[in-house]
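Examining the three-dimensional arrangement
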There are 2 protein chains.
Amino acid sequence: MKENSKIAIIGAGIAGVSAAVYAKRAGLDFSIFEGTGVGGQLLFVEKVDNYVGLVSGTKGSDLTKSLIDTLSELDISLTNEVVNKVELDKGVRINSKYEFDGMIVATGASFKKLGIKGEAEFSGKGVSYCAICDGFFFRKKDVAVIGGGNSAIEEALYLSEICNKVYLIHRRNSLRGMQYLQKELLSKSNIEVVFDSVVKEITGSEAVEAIALENVTDNSKKAINLSGVFVAVGINPNTEFLKDLVSLDEYGFITTDNGMKSSCDFLWAAGDCRKRPLRQLITAASEGAIAAINAYKHLKGHYISS
Amino acid sequence: MKENSKIAIIGAGIAGVSAAVYAKRAGLDFSIFEGTGVGGQLLFVEKVDNYVGLVSGTKGSDLTKSLIDTLSELDISLTNEVVNKVELDKGVRINSKYEFDGMIVATGASFKKLGIKGEAEFSGKGVSYCAICDGFFFRKKDVAVIGGGNSAIEEALYLSEICNKVYLIHRRNSLRGMQYLQKELLSKSNIEVVFDSVVKEITGSEAVEAIALENVTDNSKKAINLSGVFVAVGINPNTEFLKDLVSLDEYGFITTDNGMKSSCDFLWAAGDCRKRPLRQLITAASEGAIAAINAYKHLKGHYISS
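So, a few notes on the structure that sits alongside this text. Just so it is clear, the model here is predicted, and its values are computed rather than measured. (Residues numbered from 1 in each chain as written. Chains lettered and ligands numbered in written order. Predicted model: local features only at pLDDT ≥ 70, side-chain atom pairs only at ≥ 80, totals over all residues. Heavy atoms only, no water.)

Observations regarding helix H5 (residues 179–186) of chain A
Selection criterion: Here's how the labels work: a residue is buried when its accessible area is under 20% of the maximum for its type, exposed when over 50%, partly exposed in between, all with a 1.4 Å probe on protein chains only. Each helix corresponds to a stretch of at least 4 residues labelled H or I by DSSP, and each strand to a stretch of at least 2 residues labelled E; elements are numbered beginning at the N terminus. The arc under discussion is defined with respect to the helix axis, by the directions toward the C-beta atoms. Whether two residues touch is decided by their heavy atoms; if any such pair falls within 4.5 Å, the residues are in contact.
Every buried residue of H5(A) is listed here: A:Leu181, A:Gln182, A:Glu184 and A:Leu185. Buried residues along H5(A) cover an arc of 160° about the axis, so they all sit on one side. In H5(A), the exposed positions angled more than 90 degrees off the buried face are occupied by A:Gln179, A:Lys183 and A:Leu186. The inward-facing, buried residues of H5(A) contact helix H4 (150–160), strand E13 (165–169) and strand E14 (191–194) of chain A together with helix H6 (281–300) of chain B.

Next up, the structure:
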């Protein structure tokens, strides 16, 4: 057993804050690093409707405020510093000056953007990056999914169960997704695949009303009226600073065991920076708790199962 | 792919309700069975302080009300029936009359009680069954853990980091827990093991103030003044109806893979009825979500990763 162990928690999205809550309550000493502010991706979320325990329709900004309040009540202050250098030896050295016995990485991920007019403006008002999170807001309505890989096809299939009509917009003339997904896609009468097309603009007044498409082969233009646009062109985990230090998957997500432990014995990961089967707020919060309790077990040298 | 698949969700604690929320939003048809009412073990919880997103100190009864509201908003009604017979063949048959294509089991578990005077009266007012849940309420105070197995020792160790003094009360003259835990226990200067003793009564006015002990070898009596009593004499998963149908561990908890799938291809488990590393509300809610999305994947025949 080691007395006075100290860990670093990197990130103050819902995974990092949940880790901090459990670490604090376990009597573990820690610092929490956050360069940009509490909340993580929540800062871009309009409404949260599937986090059990919260009133449905809770604003992302209110949930962020609740995280800030939680940190404040537990007397946890942030180290406002971006972590861009980590060295792992017997312990963790951050930005060449801070030393820790372990680290929980909860740095999240960033969705790739289309970078077109209307995308940022209507984010949370019809533009979404997550079908499971937001699909239900568009039930019985027409929506489009932008992209051509597995994620885009999966999102289109998911939305086809809820929405009236789903357009899958892809800039090439064939999909990149796995064969069985493509087959599945073709069996759905309410999914229309629009090939060779890019979205030039997302339009509307208060919320999304249409997308403007351009055909990349003949430059013809057309508009589709719809209520929702799901952007599925990729996601980048914020794990650049861990490259060559721990095992990452092909996309850069940290691979862990069930206890959130990475390939390094004293580095745990939680939330969107981790390779995980379901990318949701509730799973991120749970992973933060598990990571903290396992960090506690490891550093204090004892085990608690309940 | 199968159209019109229908699943059963058994239990309406936080895991079952979270599963229902995700199932509903995925467009999956389901029924939720609950014999005793929404909330599960929450009905016995005074305050919830470690569920990120909720105001700290949220009453268990308020969280229960929030679950009821969530079900009502999503237009989900309960089948008020205790599930006591399940048959698994190509699908699921419940109580010899209801047919489903799959089932999510979220029936929870029950902590074994001491069955002594003061235990029920002070439940949530000093009497607790979970150190990780409630330990922080007793920081720098004196507490007792009742029991002699691994869980009791783990809880005593966990509490020793937070509390002033921890008594571990055991009715035998040696502990049953694993050797390394016992060794760890002896290294803690603020843990006192009281052997050969049973708690006869928990006393106090508004909250717990003391326990009355009796020595089982010489019948001598003594009282210990303290603020908290952690009962760690066992937990029984509510899985009796699944005996001989799916794999259970030695204690009766359902064993699953990471996707919450049991040994049966169309039966998933979430929450306290499942063998799991961290028994908390937030992990139960997460598991309910994962179980529902995996049930969706399995029954609809497609996969969604985000």
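What about the packing of helix H6 (residues 281–300) of chain A against H6(B)?
As a reminder, the rule being used: Interaxial angles span 0 to 180 degrees and are taken between N-to-C directions of axes, which are lines fitted to C-alpha atoms, for helices over the stretch in contact. Any angle from 65 to 115 degrees is called roughly perpendicular, while one under 35 is roughly parallel, one over 145 is roughly antiparallel, and all others are oblique. Throughout, a crossing is termed right-handed when the near helix is turned clockwise from the far one, and left-handed when it is turned anticlockwise from it by less than a right angle. Classification used: nonpolar for Ala, Val, Leu, Ile, Met, Phe, Trp, Tyr, Cys and Pro, charged for Asp, Glu, Lys and Arg, polar for all others including Gly.
Two elements in contact, H6(A) and H6(B), have axes separated by 8 Å at closest approach and are oriented at 135°. In terms of their interaxial angle, H6(A) and H6(B) are classed as oblique. In this structure, H6(A) crosses over H6(B), and the sense of that crossing is left-handed. Mapping the contact onto sequence places A:Ile282, A:Thr283, A:Ala285, A:Ser286, A:Ala289 and A:Ile290 in H6(A) and B:Ile282, B:Thr283, B:Ala285, B:Ser286, B:Ala289 and B:Ile290 in H6(B). For the contact of H6(A) with H6(B), a count of residues per class yields eight nonpolar, four polar and no charged.

What about the interface of chain B and chain A?
As a reminder of what qualifies: Accessible area that two parts lose when put together, evaluated with a 1.4 Å probe and summed over both, is termed the buried area. Basic side-chain nitrogens of Lys or Arg form a salt bridge, by our definition, when they fall within 4 Å of a carboxyl oxygen of Asp or Glu. Definition of a polar contact: a pair of N or O atoms within 3.5 Å, with one able to donate and the other able to accept a hydrogen when the atoms are protein atoms, and with sequence-neighbouring residues admitted only if both atoms are side-chain atoms.
Taken together, the contacts link 59 residues of chain B with 59 residues of chain A. Between chain B and chain A, roughly 5,500 Å² of surface is buried when both sides are summed, and carbon and sulfur atoms account for 55% of that area. Between chain B and chain A we count four salt bridges in total. B:Arg25 is the partner of A:Asp49 in a salt bridge, and the nearest nitrogen-oxygen pair spans 3.7 Å. Summed over the shared surface of chain B and chain A, the result is 16 residue pairs in polar contact (both at pLDDT 80 or more). When contributions to the side of chain B that touches chain A are tallied by element, the ones reaching two or more residues are helix H1 (14–25), helix H2 (60–73), helix H3 (131–134), helix H4 (150–160), helix H5 (179–186) and H6 of chain B. Looking at which element gives the most residues to the side of chain B that touches chain A, the answer is H6(B), with nine residues.

What to know about the sheet that holds strand E15 (residues 197–204) of chain B
Residues and elements named next belong to chain B. Note the threshold: One requirement defines pairing of two strands: DSSP has to find at least two bridges between them.
Strand order in the open sheet formed by three strands is E15-E16-E17, with antiparallel pairing between adjacent strands. Each edge of the sheet is formed by a strand with only one pairing partner; in this case those strands are E15 and strand E17 (221–225). Taken pair by pair, the neighbouring strands of this sheet meet at an average axis angle of 25°, ignoring direction.

Re the nonpolar core
Soluble globular proteins: nonpolar side chains tend toward being buried together. Threshold: By nonpolar core is meant a set of buried Ala, Val, Leu, Ile, Met, Phe, Trp, Tyr and Cys residues that side-chain atoms within 4.5 Å join together.
Ranked by size, the top nonpolar core spans 170 residues in total, and within it A:Tyr51, A:Ile94, A:Met103, B:Tyr51, B:Ile94 and B:Met103 carry the most contacts. In this view, A:Met103 contacts A:Ala8, A:Ile10, A:Val86, A:Val92, A:Ile94, A:Leu242, A:Phe266, A:Leu267 and A:Trp268; residues no more than four positions away in its chain are not counted.

Digging into the sheet that holds strand E5 (residues 78–79) of chain A
Residues and elements named next belong to chain A. Within the open sheet, the five strands sit side by side as E5-E2-E1-E9-E20. Their pairing is parallel. Only two strands of the sheet have a single neighbouring strand rather than two, namely E5 and strand E20 (267–269). As defined by bridge partners, strand E9 (residues 102–105) adjoins E20 across three bridges and the pair is classed as parallel. Each bridged residue has a counterpart across the sheet, and for Ile104 the counterpart in E20 is Trp268. Most of the contacts of H6 go to E20, to which it runs at about 165°, and overall it touches strand E1 (6–10), E9 and E20.

Some words on the packing of aromatic side chains
Let me state the cut-off plainly: Ring pairs shown here join Phe, Tyr and Trp side chains whose ring centres sit within 6.5 Å, with only the six-membered ring taken for Trp; geometry is labelled stacked below 30 degrees between planes, edge-to-face above 60, and tilted in between. Our definition puts a charge over a ring when NZ of Lys or CZ of Arg is within 6 Å of the ring centre and also within 35 degrees of the ring normal.
This model, assessed by the stated rule, comprises eleven aromatic pairs over all chains. Seen in terms of ring centroids, A:Phe33 and A:Phe100 are 5.9 Å apart; in terms of plane orientation they differ by 85°. Their pairing is edge-to-face. Residue A:Phe33 is located in strand E2 (residues 29–33), and its partner A:Phe100 is located in strand E8 (residues 98–100); the two are separated by 67 residues in the primary sequence. We classify A:Phe33 as buried; its relative accessible area is 2%. For A:Phe100, a relative accessible area of 6% translates into the label buried. One aromatic cluster in this structure is built from A:Phe33, A:Tyr98 and A:Phe100. Stacked on the ring of A:Phe137, the Lys or Arg B:Arg25 has its end atom at 5.7 Å from the ring centre.

Concerning the relation of the copies chain B and chain A
Condition: C-alpha atoms of residues with pLDDT of at least 70 in both copies form the basis for the least-squares superposition of the copies.
Placing chain B over chain A gives an RMSD of 0.0 Å and needs a rotation angle of 180°, together with 0.0 Å of translation along the axis. The transformation relating the two chain copies, once decomposed into turn and shift, fits a two-fold axis. It is B:Ser286 whose C-alpha, among those of chain B, lies nearest the rotation axis, at 3.1 Å. Both copies contact each other with a shared surface, as 100% of the interface residues of chain B are interface residues in chain A too.

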